[in-house]
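# Observations on the three-dimensional arrangement
Each chain, letter by letter, is given below.
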Amino acid sequence: MKFVRGNAVPVGWGVLVVLLWVFPAFWYTRTESGQGQQWFEERTDVRGWTFEEVPVAESAERALVADTVFNGEFVNDETAHKVMAFSARRLKEDMNEIGLFVHTPDRCWTEAGWKIVPVQPETTTIELGGREITFERRVFDFRGQKELVYFSGLIGGQTLPYRLDHNLSVAMRYQLNKEAGSVAGTSARSQDERFWKRIWESFTSRRKITGSKQFIRVSVPVQGEVDDEDRILADFVRDWLG
């Protein structure tokens, strides 16, 4: 049989394309051991809190492309503290749509005029239903009004194998130099170390970075020492989702 050299290149490219297409389905198959696929159920009847639904802006809903959205304000019956609680779920991800985890406060809140106030630690862990959930922890400021924010998520009904801090570095650069609006764009994110770290962590853990997702965000105004607000949010999240 004769080997036709001219056909080698297109055949080689064809094999490569097939391998790249099949590889994710083969590689990203691991799940967190000991965990089932369980989503958080948002409650409105949290003891000691009064709930009021807050409609999500139509423009925000279009951007989220979520199957279900929960958004509302909880007011503590004794202390009058107000907690904003948000949850969005997307049961199936479309590669032509913006990812649900793109819309973290690091990006959306800073673009809306809020400033990130550096605070440590950047994360906190809360046990929910027997699972340790890592929440990103931020303090934002808008004209003197400060807000403590926790946000996290699930993928495939399981805990994340990576942090949701992929927008943090870009957001810090954006607020330092708002005139250079492109720093919040795609090119800046594609060159950001935190962005690629999330891709790498997903690869090494063999857990999907795309797929069905749930995004959770809670926030409370900061009235004094942030430690007080930390306790408020942690206790609230346990009662709301636990």
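See the structure above.
In this convention, every chain numbers its residues from 1, walking through the sequence in written order. Under the rules for a predicted model, residues below a pLDDT of 70 receive no local features and side-chain atom pairs below 80 are neither given nor counted, while totals for whole chains, interfaces and linings still include all residues. Each side-chain value is worked out from all heavy atoms of the structure, with water and hydrogens disregarded.

### A few points about the side chain of His81
Selection criterion: Working definition: helices are DSSP H or I runs of at least four residues, strands are E runs of at least two. Numbering for both runs from the N terminus. Any N or O atom pair separated by 3.5 Å or less is treated as a polar contact, with the protein-specific requirement of one donor-capable and one acceptor-capable atom, and with residues adjacent in sequence counted only for side-chain atom pairs. Residues count as neighbours in contact if any of their non-hydrogen atoms are within 4.5 Å of one another.
Summarising the element assignment, His81 is placed in the loop between β2 (68-76) and β3 (82-90). Of note is the side chain of His81, whose polar atom sits 2.7 Å from the side chain of Thr79. Excluding residues within four positions of it along the chain, His81 makes contact with Trp49, Phe74, Val75, Asn76, Gln223 and Ile232.

### Let's talk about the packing of aromatic side chains
Here a ring pair, both rings aromatic, is described through the centre-centre distance and the interplanar angle of the planes. Quick reminder of the rule: Here is the rule: rings of Phe, Tyr and Trp (six-membered ring for Trp) pair when centre to centre is within 6.5 Å. Planes less than 30 degrees apart are stacked, more than 60 are edge-to-face, and the remainder are tilted. A simple rule labels every residue: compare its accessible area, found with a 1.4 Å probe on the protein chains alone, to the largest value its type can have, and call it buried under 20%, exposed over 50%, or partly exposed in between. Here, a charge over a ring means that NZ of Lys or CZ of Arg falls within 6 Å of the ring centre while also lying within 35 degrees of the ring normal.
The tally for this structure, following the rule as stated, stands at 14 aromatic pairs. Taking the centre distance of 5.2 Å and the plane angle of 70 degrees together, the rings of Trp49 and Phe236 count as edge-to-face. Here Trp49, found in strand β1 (residues 49-53), pairs with Phe236, found in helix α7 (residues 226-241); they are 187 residues apart in sequence, far enough to count as distant. When sorted by exposure, Trp49 lands in the same class as Phe236, which is buried. Geometrically, the ring pair formed by Phe70 and Phe74 is stacked, given 6.5 Å between the ring centres and 15 degrees between the ring planes. One exposure class covers both Phe70 and Phe74, and it is buried. Grouping aromatic residues by their ring pairs yields a cluster made of Trp49, Phe51, Phe70, Phe74, Phe236 and Trp240. Lying over the aromatic face of Phe101, Lys213 brings its terminal NZ or CZ to 5.4 Å of the ring centre.

### Regarding the environment of Arg217
Relative to the assigned elements, Arg217 resides in strand β9 (residues 213-221). For Arg217, a relative accessible area of 18% translates into the label buried. For the pair formed by Arg217 and Val149, sequence separation is 68 residues and the distance between their alpha carbons is 7.1 Å.

### Regarding the side chain of Ser219
Along the chain, Ser219 turns up in strand β9. There is a polar contact of 3.0 Å between the side chain of Ser219 and the side chain of Glu147. Leaving out residues up to four positions away in the same chain, Ser219 has contacts with Lys82, Val83, Met84, Trp109, Glu147, Leu148, Val149 and Leu233.

### Some points on helix α4 (residues 168-176)
Keep this limit in mind: It is the directions from the helix axis to the C-beta atoms whose arc is reported.
Leu168, Val170, Ala171, Tyr174 and Gln175 are the residues of α4 that are buried. Viewed along the axis of α4, the buried residues span an arc of 160 degrees, placing them on a single side of the element.

### A look at the pairing of strand β7 (residues 145-155)
Threshold: At least two bridges found by DSSP between two strands are what make those strands a pair.
Burial of β7 is extensive: nine of the 11 residues sit out of reach of the surface. Sheet topology note: the strand β6 (residues 131-142)/β7 ladder contains seven bridges and is antiparallel. Looking across to β7, one finds that Val139 is bridged to Leu148. Linking β6 to β7, which pair antiparallel, is a turn of two residues; within it Arg143 sits at a positive phi near 55 degrees. Pairing of β7 with β9 involves nine bridges; the strand directions are antiparallel.

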